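These are the residues of each chain, in order.
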Amino acid sequence: MRSVSKEEVKTSVFFIGSDKAAGPDGFNGHFFKAAWNIIKDDLVISVQRLFLLESAAYTICADEYAIFLGLYSYSA
């Protein structure tokens, strides 16, 4: 499977509607956009690990899973 670039993750994050929550935790698109400079490195690494399956014990939280789905459907 190919690697996911930082730009692809950013594009997907900013594609999420600001008033749309990715999961039951209530963090919406506005949160991810407003916090991008703080969370971008961790989020990019998480999505890249998800795509590359670096760890069999990797736990996917609802937000990361939603962004993964956004990446998948956005670039398909």
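Data block above holds the structure.
Residues numbered from 1 in each chain as written. Predicted model: local features only at pLDDT ≥ 70, side-chain atom pairs only at ≥ 80, totals over all residues. Heavy atoms only, no water.

## Things to note about the nonpolar core
Heads up, the condition is: Residues enter a nonpolar core if they are buried and are Ala, Val, Leu, Ile, Met, Phe, Trp, Tyr or Cys, with the set joined through side-chain atoms within 4.5 Å. When a residue's accessible area, from a 1.4 Å probe over protein chains only, is under 20% of the maximum for its type it is buried; when over 50% it is exposed; and in between it is partly exposed. Numbering of helices and strands runs from the N terminus, with a helix taken as a DSSP run of H or I at least four residues long and a strand as a DSSP run of E at least two residues long.
Listed in full, the eleven residues of the largest apolar core are Val4, Val9, Val13, Phe32, Ala35, Trp36, Ile39, Leu43, Val44, Val47 and Phe51. For this core, the elements supplying multiple residues, two or more each, are helix 1 (6–15) and helix 3 (36–52). If you tally residues by element for this core, the top one is helix 3, at six residues.

## So, the environment of Val4
Position of Val4 relative to the elements: it lies in the segment before helix 1. Sequence spacing of Val4 and Leu50 is 46 residues, and the spatial spacing of their C-alpha atoms is 9.6 Å.

## Some words on the environment of Trp36
Where we set the bar: Contact between two residues is taken to exist if any of their heavy atoms lie within 4.5 Å; hydrogens are not considered.
By the element assignment, Trp36 lies in helix 3. Trp36 sits 26 residues away from Lys10 along the chain, and the two C-alpha atoms are 8.3 Å apart. Beyond its immediate sequence surroundings of up to four residues, Trp36 is in contact with Val9, Lys10, Val13, Phe14, Leu43 and Val44.

## Comments concerning the packing of helix 1 against helix 3
Condition: Angles shown run from 0 to 180 degrees and are taken between the N-to-C directions of axes, each axis being a line fitted to C-alpha atoms and, for helices, limited to the stretch in contact. If you view the pair so one helix is near and one far, a crossing is left-handed when the near helix is turned anticlockwise from the far one by less than a right angle, and right-handed when it is turned clockwise. Gly is placed with the polar residues, together with every amino acid not listed as nonpolar (Ala, Val, Leu, Ile, Met, Phe, Trp, Tyr, Cys and Pro) or charged (Asp, Glu, Lys and Arg).
Helix 3 packs onto helix 1 with a crossing angle of 115° between their chain directions and a minimal axis gap of 10 Å. The interaxial crossing formed by helix 1 with helix 3 has right-handed handedness. From helix 1, Lys6, Val9, Lys10, Val13 and Phe14 reach across to helix 3, where they touch Trp36, Leu43, Val44, Val47 and Gln48. Classifying every residue of the contact of helix 1 with helix 3 by side-chain character gives seven nonpolar, one polar and two charged.

## A few points about the packing of aromatic side chains
The cut-off we apply is this: Each Phe, Tyr or Trp ring, with Trp reduced to its six-membered ring, pairs with another whose centre is within 6.5 Å; inter-plane angles below 30 degrees give stacked pairs, above 60 give edge-to-face pairs, and intermediate values give tilted ones. Only when the NZ of Lys or the CZ of Arg is both within 6 Å of the ring centre and within 35 degrees of the ring normal is a charge said to sit over the ring.
The tally for this structure, following the rule as stated, stands at three aromatic pairs. Seen in terms of ring centroids, Phe27 and Phe31 are 4.5 Å apart; in terms of plane orientation they differ by 40°. Their pairing is tilted. Among the residues examined, Phe27 registers a relative accessible area of 36% and is labelled partly exposed. On the numbers, 5.4 Å between centres and 75° between planes, the contact of Phe31 with Phe32 is edge-to-face. For Phe32, a relative accessible area of 5% gives the class buried. Following the ring pairs from residue to residue traces out a cluster consisting of Phe27, Phe31 and Phe32. In this structure, Lys10 packs its charged tip against the face of Phe14, placed 5.7 Å from the ring centre.

## Section: helix 1
Where we set the bar: Starting at the helix axis, one direction is taken to each C-beta atom, and the arc is that of these directions.
If you check which residues of helix 1 are buried, you get Val9, Ser12 and Val13. All buried residues of helix 1 fall inside an arc of 100° around its axis, so they share one side. Set apart from the buried face of helix 1 by more than 90 degrees, the exposed residues are Glu7 and Phe15.

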